[in-house]
Amino acid sequence: MTAPLASTTADLVANSLEVASLLGLAGLVLLLGVKVKALARTEPLMDAMPDSRSGGFPAPAEDVFAPVMPSERPRANHLELVTQLHILAGLQDRDCREQALPLAQSPGQVRVYAGIWLYGAANALCERSARHSPQLAALAAQIAGRKWEAPHTDLLWAIRNLTSDSVYLTCFRAGLEGASHWQGHHFVPAPASVYQAVTSNAFI
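If you're wondering where the values come from, they're calculated on a predicted model, not measured in any experiment.

What to know about the side chain of serine 133
Tracing the sequence through the fold places serine 133 in the loop between α4 (108-125) and α5 (134-148). A residue is classified by how much of its surface remains accessible, and serine 133, at 10% relative accessible area, is buried. Within polar-contact distance, the side chain of serine 133 engages the backbone oxygen of alanine 130 at 2.7 Å.

This is the structure:
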């Protein structure tokens, strides 16, 4: 009788552990969902931002950006876009810190360059109809401000005048290419990274 009793006890313990693990996993998934929803609520909603007809950003010439923006690729919705931009900003922030470039402690112009990179990434990941819009600029500026303390007014001015400055365009294009590559391969190649865009164009 001792052996079957021991076997039954072991089975009960194993089953209890399995149930506890499943409950824990379900709790983590639920917590992740709540966090993502809360994060999305704190970002500016695209349809709540000012329309481009009322003092918004004029869209840059399409031929400047079209070569790296394949139209047939499906785009992220707003919640996915916010999540992806936070992930990209976090990855690039870590990459810069590992190379002795803490963006949050860098000069304001460096943080503007990083913000323009993020705006380029946002254009790579968003729906075609949202590209180069004031809503998208506001979203990128808000995330860059939180992550790197990028000066909000300076960054929005730079985005508004993107095509008039070759450094801004370089950072923007790096963001486009980096995010496009990240979407398909789960990493940003070094030549299209924030670190490369900043160090190639700023005296650090």
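Describing the packing of aromatic side chains
The tally for this structure, following the rule as stated, stands at two aromatic pairs. Centroid distance tyrosine 113 to tyrosine 168: 6.3 Å. Interplanar angle 65°. Geometry classified as edge-to-face. One end of the pair, tyrosine 113, is in helix α4; the other, tyrosine 168, is in helix α7 (residues 166-185), with 55 residues separating them in the sequence. We classify tyrosine 113 as buried; its relative accessible area is 9%. Residue classification places tyrosine 168 among the buried residues on the basis of a relative accessible area of 8%.

Topic: the pattern of salt bridges
Taken as a whole, this structure holds one salt bridge when the rule is applied. Notably, a salt bridge pairs arginine 97 with aspartate 93, separated by 3.1 Å at the nearest N-O pair. Of this pair, arginine 97 and aspartate 93 both sit in helix α3 (residues 78-98), four residues apart, which is roughly one turn of the helix. Residue classification places arginine 97 among the partly exposed positions, given a relative accessible area of 48%.

Focus: α7
Helix length check: α7 (20 residues) gives 28 Å between terminal C-alpha atoms against 28 Å at 1.5 Å per residue, within 8%. Restricting attention to buried positions, one finds in α7 the residues Val167, Tyr168, Leu169, Cys171, Phe172, Ala174, Gly175, Leu176, Gly178, Ala179, Ser180 and Trp182. N-cap assignment for α7: the residue whose side-chain oxygen lies 2.8 Å from the backbone N of valine 167 is aspartate 165.

The rules behind each value
Residues numbered from 1 in each chain as written. Predicted model: local features only at pLDDT ≥ 70, side-chain atom pairs only at ≥ 80, totals over all residues. Heavy atoms only, no water. Helix = DSSP H or I, 4+ residues; strand = E, 2+ residues; numbered from the N terminus. Buried < 20%, exposed > 50% of the residue type's maximum accessible area, 1.4 Å probe, protein only. Polar contact = N/O pair within 3.5 Å; in protein donor to acceptor, adjacent residues only side chain to side chain. Phe/Tyr/Trp six-rings, centres within 6.5 Å; stacked < 30°, edge-to-face > 60°. Salt bridge = Lys/Arg side-chain N within 4 Å of Asp/Glu carboxyl O. Expected span 1.5 Å × (residues − 1).

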